[in-house]
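Take a look at the letters that make up each chain.
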Amino acid sequence: MTTLPTEKVAVIGGGSWATALVKILCEQPQVQVRWWLRNAEDIAHIRTYHHNPSYLSDVYLPPRKVKVCERLKESIRGAQYVILAIPAAYVQEPLREINATHLRDKRIVSAIKGMVPTTNQLVTDWMQDTYQVPLSHMCVIAGPCHAEEVALEKQSYLTIASTDQACAADFARLMTCRFVTAHPLADLYGVEYAAVMKNIVALASGITHGIGYGDNFQAVLVANAMQEIRRFVTAVDPRERDLSASAYLGDLLVTAYSQFSRNRLFGNMIGRGYSVKAAQLEMKMVAEGYFAAKSIYTMNQRYQVPMPITNAVYRILYEGAAPVHEMEELKKHLK
Ligand SMILES: NC(=O)C1=CN([C@@H]2O[C@H](COP(=O)(O)OP(=O)(O)OC[C@H]3O[C@@H](n4cnc5c(N)ncnc54)[C@H](O)[C@@H]3O)[C@@H](O)[C@H]2O)C=CC1
Ligand SMILES: O=C(CO)COP(=O)(O)O
């Protein structure tokens, strides 16, 4: 019997998506996971009970496959792939422990669907600027896939985008298992921007639902949102792309409609009258769309693309505009 060479993969982040990705990686016989989490109590619990007490706590984390690490440096040592699975707003702090040398020759995989709020950058751009990681050494995990359904082993599809097709195909291999199929794609920026923007749309979808609009309106909102995404992505990164593919349209649909969506839930609370602060305090999870609305709105001051949905969400979240009023205004732009 031939034994496969061990492949070490570091996972950075302790939330639901990181936990789901660790579960997928554990399906690969040759993979050893080095998992960095921020919370010391969660680390101690996982070492003893082999479950993450804070997120997806039903998922079993086999100790022979998963080593949890207190130090980020320890988790990435010897790893071929380093997966970033922290909300974009919080990615800078833990990475301060390392510099460009620590990441040299590794492939960096962003599982993050958000923008770094201090610089309004995509995570891959921020990694290039801050850690000098070449774009060709990076992949993005995209596609309509909620961590909660991965935990339940429900059939899911992922898209692995990279400018380096060999890298995308190789990482897609590691993400493919009994219940997940992953496909490579070349459109890294298109996929990354679309993943950021669909969170803003899901937030809008939640807001309209919270106010009392029905499925008819939501379908029109989502259809118009796809056009808004097309306009913006084409302006920032013009190239041929099929936005009806699951990495774009599929992810927009699942996030705008799913009971598991953090962004939809957050928007729903805002629509029902919660303040931004109260909604954030009530959710233990992070809605990336909150930060993305500001970053995309700010970026668009340069591009001046018509973006009525993003503008409405921005005004509600950051300028205290009344959701009912903003949706009344938005109605004039939808077709
Ligand atoms: N949950 C999902 O189904 C999916 C999530 N993603 C993306 O994965 C990334 C991570 O999100 P989730 O795992 O869903 O997060 P989550 O909402 O499940 O958990 C929150 C995470 O944020 C961290 N966090 C919260 N407050 C913090 C603070 N003040 N400082 C530092 N860290 C803090 C927590 O430790 C935890 O890791 C996001 O970019 C999300 O868009 C992508 C695909 C699916
Ligand atoms: O990206 C996701 C599903 O594909 C997760 O979206 P939420 O963060 O809104 O739950």
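Positions within a chain are numbered from 1, following the residues in the order the chain's sequence is written. Each chain takes a letter, starting from A, and each ligand takes a number, starting from 1, following the order in which they are written. Residues qualify for local features only when their pLDDT is at least 70, as the model is predicted, and side-chain atom pairs are given and counted only at 80 or more; totals for whole chains, interfaces and linings, by contrast, use all residues. Each side-chain value is worked out from all heavy atoms of the structure, with water and hydrogens disregarded.

## A closer look at the packing of helix α10 (residues 215-236) against helix α11 (residues 246-257)
Packed helices, taken two at a time, are described by their axes: the angle between them and the distance between them.
Link 1 in the chain: To get an axis, a line is fitted to the C-alpha atoms, and for a helix only the part in contact is used. The angle between two axes follows their N-to-C directions and goes from 0 to 180 degrees. Runs of H or I in DSSP of at least four residues are treated as helices and runs of E of at least two as strands, each being numbered from the N terminus. Contact geometry for α10 and α11: axes closest at 11 Å, N-to-C directions at 145°. Crossing handedness for the pair α10 and α11: right-handed. Residue-level inspection shows Q218, A219, V222, M226 and I229 of α10 in contact with α11, the latter providing Y248, L249, L252, L253, A256 and Y257.
Link 2 in the chain: Note that Gly is not counted as nonpolar here; it falls among the polar residues with everything else outside the nonpolar set of Ala, Val, Leu, Ile, Met, Phe, Trp, Tyr, Cys and Pro and the charged set of Asp, Glu, Lys and Arg. For the contact of α10 with α11, a count of residues per class yields 10 nonpolar, 1 polar and no charged. With the far helix as reference, a near helix turned anticlockwise by less than a right angle produces a left-handed crossing, and one turned clockwise produces a right-handed crossing. By definition in these notes, contact holds between two residues if any of their heavy atoms fall within 4.5 Å.

## Considerations on the site of ligand 2
Link 1 in the chain: Proximity criterion: a residue is near a molecule or strand once any of its heavy atoms comes within 4 Å of it. Residues in contact with ligand 2 amount to 13 residues; listed here are only the nearest, K198, D251, S261, R262 and N263.
Link 2 in the chain: Definition of a polar contact: a pair of N or O atoms within 3.5 Å, with one able to donate and the other able to accept a hydrogen when the atoms are protein atoms, and with sequence-neighbouring residues admitted only if both atoms are side-chain atoms. With respect to ligand 2, the side chain of N263 contributes an N or O atom lying 2.7 Å from an oxygen atom.
Link 3 in the chain: Areas reported as accessible are Shrake-Rupley estimates using a 1.4 Å probe. Residue values count occlusion only from the protein chains shown. With the chains in place, 91% of the 310 Å² that ligand 2 exposes on its own is no longer accessible.
Link 4 in the chain: Among the elements of the structure, α11 and α12 (262-271) are those that each provide at least two residues to the shell around ligand 2.
Link 5 in the chain: For the shell around ligand 2, the element with the most residues is α11, which contributes 3 residues.

## Points about the site of ligand 1
Link 1 in the chain: Near ligand 1 there are 20 residues, and of these S16, A147, R262, V286 and E288 occur at the shortest range.
Link 2 in the chain: Within the side chain of Y55, a nitrogen or oxygen atom sits 3.4 Å from an oxygen atom of ligand 1.
Link 3 in the chain: Within the backbone of A111, a nitrogen or oxygen atom sits 3.4 Å from an oxygen atom of ligand 1.
Link 4 in the chain: Relative to its unbound accessible area of 820 Å², ligand 1 is 84% covered by the protein chains.
Link 5 in the chain: Residues of the shell around ligand 1, tallied by class, amount to 12 nonpolar, 4 polar and 4 charged.

## Digging into the pairing of strand β8 (residues 138-142)
Link 1 in the chain: Relative accessible area decides the class of each residue, using a 1.4 Å probe on protein chains only: under 20% of the type maximum gives buried, over 50% gives exposed, and in between gives partly exposed. When you tally the buried positions in β8, you get 5 out of 5 residues, the bulk of the element.
Link 2 in the chain: The alternating pattern of β8 places M138, V140 and A142 on one face and C139 and I141 on the opposite face, and all of these are buried.
Link 3 in the chain: Any two strands between which DSSP finds at least two bridges are classified as paired. With 3 bridges joining them, strand β5 (residues 107-110) and β8 adopt parallel strand pairing. Residue pairing for β8: I108 is matched across the bridge by M138.
Link 4 in the chain: In the sheet, β8 pairs with strand β9 (residues 156-161) via 3 bridges, with the strands oriented antiparallel. Bridging from a neighbouring strand, V140 pairs with A161 of β9.

## Some remarks on helix α14 (residues 288-303)
Structurally, the α-helix is built with 3.6 residues per turn, so residues lying three or four positions apart point the same way.
Link 1 in the chain: Multiplying 1.5 Å by the helix residue count minus one yields the expected span of that helix. Look at α14: 22 Å from first C-alpha to last across 16 residues, which is about the 22 Å you get at 1.5 Å a residue.
Link 2 in the chain: E288, G289, Y290, F291, A292, A293, S295, I296, M299 and N300 are the residues of α14 that are buried.
Link 3 in the chain: Against the buried residues of α14 lie β6 (115-116), α9 (188-211), α10, α12, α13 (276-282) and α15 (308-318).
Link 4 in the chain: A positive backbone phi angle near 55° is found at Q304, which sits one or two residues after α14.

## Comments concerning the nonpolar core
Nonpolar side chains tend toward joint burial in soluble globular proteins.
Link 1 in the chain: Residues enter a nonpolar core if they are buried and are Ala, Val, Leu, Ile, Met, Phe, Trp, Tyr or Cys, with the set joined through side-chain atoms within 4.5 Å. Grouped together as the largest cluster of nonpolar side chains are 78 residues, with contacts concentrated most on M127, F266 and L317.
Link 2 in the chain: If we skip the residues at most four places from it in the chain, F266 touches L203, V276, A279, Q280, M283, A287, Y290 and L317.
Link 3 in the chain: I83, C145, A147 and A182 belong to the second largest nonpolar core, which has 43 residues in total.

## Structural notes on the UniProt feature "active site" (unreviewed entry) in the protein chain
Link 1 in the chain: UniProt positions are given in the numbering used here, feature names are shortened, and annotations may be inferred rather than shown by experiment. As annotated by UniProt and renumbered to match this structure, "active site" (unreviewed entry) occupies K198.
Link 2 in the chain: Locating K198 in the fold gives a position in helix α9.

## Details of the sheet that holds β9
Link 1 in the chain: Strand order in the open sheet formed by 8 strands is β3-β2-β1-β4-β5-β8-β9-β10, with mixed pairing between adjacent strands. The open sheet terminates on both sides in strands that have one partner only, identified here as β3 (66-69) and β10 (180-185). With strand direction ignored, the average angle separating the axes of adjacent strands in the sheet is 25°.
Link 2 in the chain: Taken strand by strand, helix α1 (residues 16-26) contacts β1 (7-12), β2 (31-36), β3, β4 (81-84), β8, β9 and β10, and its axis lies near 165° from that of β2.

## Brief notes about unusual backbone geometry
Link 1 in the chain: A positive phi angle, near 50°, is found at Q132, a position not held by glycine.
Link 2 in the chain: Along the chain, Q132 falls in the loop between α6 (123-131) and β8.
Link 3 in the chain: One non-glycine residue, E153, adopts positive backbone phi at about 60°.
Link 4 in the chain: Positionally, E153 belongs in the loop between α7 (147-151) and β9.

## Remarks on the UniProt feature "binding site: NADPH" (unreviewed entry) in the protein chain
Link 1 in the chain: Using the residue numbers shown here, the UniProt feature "binding site: NADPH" (unreviewed entry) corresponds to S16, W17, R38, Y55, K113, A147, R262, V286 and E288.
Link 2 in the chain: Within the secondary structure, Y55 is located in the loop between α2 (40-49) and β3.
Link 3 in the chain: In this structure Y55 touches G14, G15, S16, T19, K284 and M285, once residues within four positions along its chain are discounted.
Link 4 in the chain: Contact partners of K113, with chain neighbours within four places excluded, come to I141, A142, G143, A195, V196, K198, N199, D251 and E288.
Link 5 in the chain: In terms of polar contacts, K113 uses its side chain to reach the backbone carbonyl oxygen of G143, at 3.0 Å.

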